[in-house]
Protein chains: 2
Amino acid sequence: MKKHVLIVAGGSGQRMKTQIPKQFLLLDGKPVLMHTISAFYSYDSSISIYLVLPEKQMEYWQKLCKKHQFPISHTPVAGGKTRFHSVKNGLAAVKTGGLIAIHDGVRPLVSRQTIENCFRKAEEKQACIPVVPLIDSIRKINDKQSIALDRKNYRLVQTPQVFDLQLITNAYSQNYCETFTDDASVAETFGAEIELTNGNSENIKITTALDLAICETFLLKSDK
Amino acid sequence: MKKHVLIVAGGSGQRMKTQIPKQFLLLDGKPVLMHTISAFYSYDSSISIYLVLPEKQMEYWQKLCKKHQFPISHTPVAGGKTRFHSVKNGLAAVKTGGLIAIHDGVRPLVSRQTIENCFRKAEEKQACIPVVPLIDSIRKINDKQSIALDRKNYRLVQTPQVFDLQLITNAYSQNYCETFTDDASVAETFGAEIELTNGNSENIKITTALDLAICETFLLKSDK
C-alpha cells in the first residue's frame, strides 16, 4: 500500500527563547528537521514526504537545504494558523490514497521500529499511534484538589500517527475543536477506533534547550 | 521547623542490565547517590539525612564513601522487601519531629527551588509534592480500547514528597496496598490532603542507560 508522511513543523521558537525555530536548530551538525525527514526515508525510500512549514519560513528552509546539500526529495506545504489547520493543508496536498503518517517535525529520534509498528497496524486497522508507559506517578487535577491515578492504566502518546488517508482527510473536514489534542483525537471524534502500538522512549518532542542536548547525547551514544 | 530527608535507593540494577545498581553508577565521576545527597545538603546543611539501602548493599556503599572521600554525614538504614517497607523502615529511624522529605535516590537533578517549594508548602499544609505538566498527549487504556484525555488536567509526579513527620509515620502504619504508587498516595489513603507545587523538568528518575546520559548532559550544560 502506498505510504506518505506529513511532517508538521509549525514552531516559531518562542518557547526556547531563541530567534531560530527549534525545527531548524542544529543537532549533530544538521537541522533537526533533516534528521526527522531522514528517519522516514531510511525506513522506506519510496515514501512520499510532505513538509508543512509556516509560510514565512519556507525560503529559509530552502536555503538550509542548499547549504547542507540535503538530498532527500520532499514537498513543502504552507501551514495554517494552528496545528489543526496545518495538518489540513498538508492533507490537501496529498494526491493518491494509501496510508499517511502524521509526525511532529521536532521528534527526530523516532526509531525505524516505531514507524514500522504504526504502518503495519494501520494497514490492518486504519488508525494506529505509538505510545509509551509512564515512569512517574500521575495525578488528575481539578480546581481545588488532585487525585492519584494508577499509572498502569495510562500511556503517553507520541507520533507518527498513521491513518488510512481517506479516513483522516474526512476526519479533518470536521470543524476545529479545542479538545483535538492530536491527530488521533480528530479521527476519534469522527468515529474511528485507534489502535495502539509501542513507541520508543527516546522519541521525545524537542521543546527546550535541554531536550536538544538530550537528543545530541543519544545520537553520540548510538554512533557505532 | 526541623527538616529531615529520607533518600530511598532500593534498585537492584536489573532494569539497566548492569551488575551495578543504578544508584551507584558514576555521574560526572561520582556515584548518583552522592549527587542526590549533596542536593539536599546544599539546600540546607542542617538537614538530617537518612539513606535507605538494601541491606546487602550497605557495605559496598561504605566502601564507595571512603573511596570518594564523601564528606556529607548521613544515617544508613536497611530497606525492606518493597519500596513501601523501605520507607517504613526509614521513618522508624527518624527520632525527632518536624518535616520529612521522601526522595528517590535516583533523582540526582532535583533543583534547590523544587526542594524549597515542597518544604515551604508542607510547613503550611502538612503534605506537598512536586509536579510537572505533560508534554505528550495522554490516553487511558482499558482491556480492549483506549480514550484520549485532555493533558491540561493531568500532572506527572516527582519527588521529594514532603510531609509532617507524624502524619506520614501514621499513614505508613496502614497495611500495604497495591494502589500505593508513591508516598502521597499512602498519605491520601490515610485521609491527608496533598498540595502540589512546581517540580523541575530535569528532575528525572534514572531508570535506563539513556537517562544516565541525559543527566550527564545536563550537568555538563549547567557547569558555569
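Structure first, text after, so check above.
The rules behind the values
- Residues numbered from 1 in each chain as written.
- Chains lettered and ligands numbered in written order.
- Predicted model: local features only at pLDDT ≥ 70, side-chain atom pairs only at ≥ 80, totals over all residues.
- Heavy atoms only, no water.
- Least-squares fit on C-alpha atoms with pLDDT ≥ 70 in both.
- Contact = heavy atoms within 4.5 Å.
- Salt bridge = Lys/Arg side-chain N within 4 Å of Asp/Glu carboxyl O.
- Buried < 20%, exposed > 50% of the residue type's maximum accessible area, 1.4 Å probe, protein only.
- Helix = DSSP H or I, 4+ residues; strand = E, 2+ residues; numbered from the N terminus.
- Pairing = 2+ DSSP bridges.
- Right-handed = clockwise from strand over helix to strand, strands pointing away.

Q: Describe the relation of the copies chain A and chain B, with residues and values.
A: Under the fitted operation, chain A is carried onto chain B by 0.0 Å of movement along the axis and a turn of 180°, and the coordinates agree to an RMSD of 0.0 Å. Classification of the inter-copy transformation places it as that of a two-fold axis. Considering only C-alpha atoms, the part of chain A nearest the rotation axis is A:Ile214, at 2.7 Å. Of the interface residues in chain A, 100% have counterparts in chain B that sit at the interface too, so the contact is made through matching surfaces.

Q: Lay out the pattern of salt bridges with the relevant residues and their values.
A: Under the definition given, this model contains 18 salt bridges over all chains. Between A:Asp104 and A:Arg107 there is a salt bridge; the shortest N-O distance is 2.9 Å. For the residue pair A:Asp104 and A:Arg107, the accessibility class agrees, reading buried in each case. B:Arg107 serves as the salt-bridge partner of A:Asp136, at 2.7 Å between the closest nitrogen and oxygen. Of this pair, A:Asp136 sits in the loop between strand S7 (127–133) and strand S8 (137–141) while B:Arg107 sits in the loop between strand S6 (99–104) and helix H4 (112–125), which puts the two residues in different chains. B:Arg107 matches A:Asp136 in its accessibility class, with the two residues each being buried. When salt bridges with common partners are traced through the structure, they connect A:Arg83, A:Asp104, A:Arg107, A:Asp183 and B:Asp136 into a single cluster.

Q: Lay out the pairing of strand S4 (residues 48–53) of chain A in plain terms, naming residues and giving numbers.
A: Residue and element names in this part refer to chain A. Across the six residues of S4, six count as buried, placing the element largely inside the fold. Here S4 shows no split at all, with Ser48, Tyr50 and Val52 on one side and Ile49, Leu51 and Leu53 on the other all buried. With five bridges joining them, strand S1 (residues 3–8) and S4 adopt parallel strand pairing. Looking at the pairing, Ile7 lines up with Leu51 of S4. Two elements, S4 and strand S5 (residues 75–78), share four bridges in a ladder whose sense is parallel. The residue of S5 that forms the bridge with Val52 is Val77. Crossover S4 to S5 through helix H2 (residues 58–67) is right-handed.

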